Amino acid sequence: MADLKEFAEQLVNLTVKEVNELADILKDEYGIEPAAAAVAVAGPAAGGGDEGGAEEKSEFDVVLTAAGGAKLQVVKLVKELTGLGLKEAKEIVDSAPKAVKEGVAKDEAEALKKQLEEAGAEVELK
């Protein structure tokens, strides 16, 4: 069991470059297509922009631009939405503009934006 925890910790601490390399190894050597989460991290570094923008954007970053008047409610909501601790959620809110979640699907991004705006925050999707 300790080996799996160690392995999980190594995966969590990979850099974007290392995730790209891992995705390539899994695909080329083992025929395994990386999960959407790995592609979301690896995608932007792959050199996008060659397609001319004809394709609809499928991944969005939910960016908190301002906490608004109900800062405490926004901190609690960020904590709930991200699974972060209270301190980390407060740091995100205090350092706005800051990404709350990155590389999420359009529907999820719009739902997150709506929830944050209902709590009083100013949010934009990028």
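Remember, predicted model here, so these are calculated numbers, not experimental data.

What counts and how
Along each chain, residues carry numbers from 1 onward, in the same order as the chain's sequence is written. A pLDDT threshold of at least 70 governs which residues receive local features in this predicted model, and a stricter bar of 80 or more applies before side-chain atom pairs are shown or counted, although totals over entire chains, interfaces and linings include all residues. The basis for every side-chain value is the complete set of non-hydrogen atoms in the structure, without hydrogens or water. Orientation is described by axes fitted as lines to C-alpha atoms, over the contacting stretch for helices, and by angles from 0 to 180 degrees between their N-to-C directions. Numbering of helices and strands runs from the N terminus, with a helix taken as a DSSP run of H or I at least four residues long and a strand as a DSSP run of E at least two residues long. Working definition: roughly parallel below 35 degrees, roughly antiparallel above 145 degrees, roughly perpendicular at 65 to 115 degrees, and oblique for all remaining angles. In this scheme the crossing of two helices becomes right-handed for a clockwise turn of the near helix relative to the far one and left-handed for an anticlockwise turn of less than a right angle. The contact rule is simple, with two residues in contact once any of their heavy atoms fall within 4.5 Å. Each residue gets one label: Ala, Val, Leu, Ile, Met, Phe, Trp, Tyr, Cys and Pro are nonpolar, Asp, Glu, Lys and Arg are charged, and the others, such as Gly, are polar. In a helix, the anticipated span is given by 1.5 Å times the number of residues less one. Residue exposure (1.4 Å probe, protein chains only): buried if accessible area is under 20% of the type maximum, exposed if over 50%, otherwise partly exposed. As used here, the arc is the angular range of directions from the helix axis to the C-beta atoms. When a carboxyl oxygen of Asp or Glu lies within 4 Å of a side-chain nitrogen of Lys or Arg, that pair is called a salt bridge.

A. Representation of the packing of helix H4 (residues 71-82) against helix H6 (residues 106-118) in the model. Between H4 and H6, the least distance of the axes is 9 Å, while the angle of their chain directions is 155°. It follows from the interaxial angle that H4 and H6 lie roughly antiparallel. When you trace H4 past H6, the crossing you get is right-handed. Between H4 and H6, the contacting residues are Leu 77, Val 78 and Leu 81 on the first element and Leu 112, Gln 115 and Leu 116 on the second. The residue inventory of the contact of H4 with H6, partitioned by class, reads 5 nonpolar, 1 polar and no charged.

B. Summary view of H4. Between its first and last C-alpha, H4 extends 16 Å over 12 residues, near the 16 Å set by a 1.5 Å rise per residue. Among the residues of H4, Val 74, Val 75, Leu 77, Val 78 and Leu 81 are the ones counted as buried. The buried residues of H4 all sit within an arc of 165° when viewed along its axis, so they share a single face. Seen from the open side of H4, the exposed residues pointing more than 90 degrees away from its buried face are Leu 72, Lys 76 and Glu 80. Lining the buried residues of H4 we find strand E1 (59-66), helix H5 (86-94), strand E2 (98-105) and H6.

C. Quick look at the pattern of salt bridges. Under the definition given, this model contains 5 salt bridges. For the salt bridge of Glu 108 with Lys 101, the shortest nitrogen-to-oxygen distance reads 3.6 Å. Judged by relative accessible area, which is 36%, Glu 108 ranks as partly exposed. Owing to a relative accessible area of 23%, Lys 101 belongs among the partly exposed residues under this scheme. Three or more residues joined by partner-sharing salt bridges are found here, namely Lys 71, Lys 90 and Asp 94.

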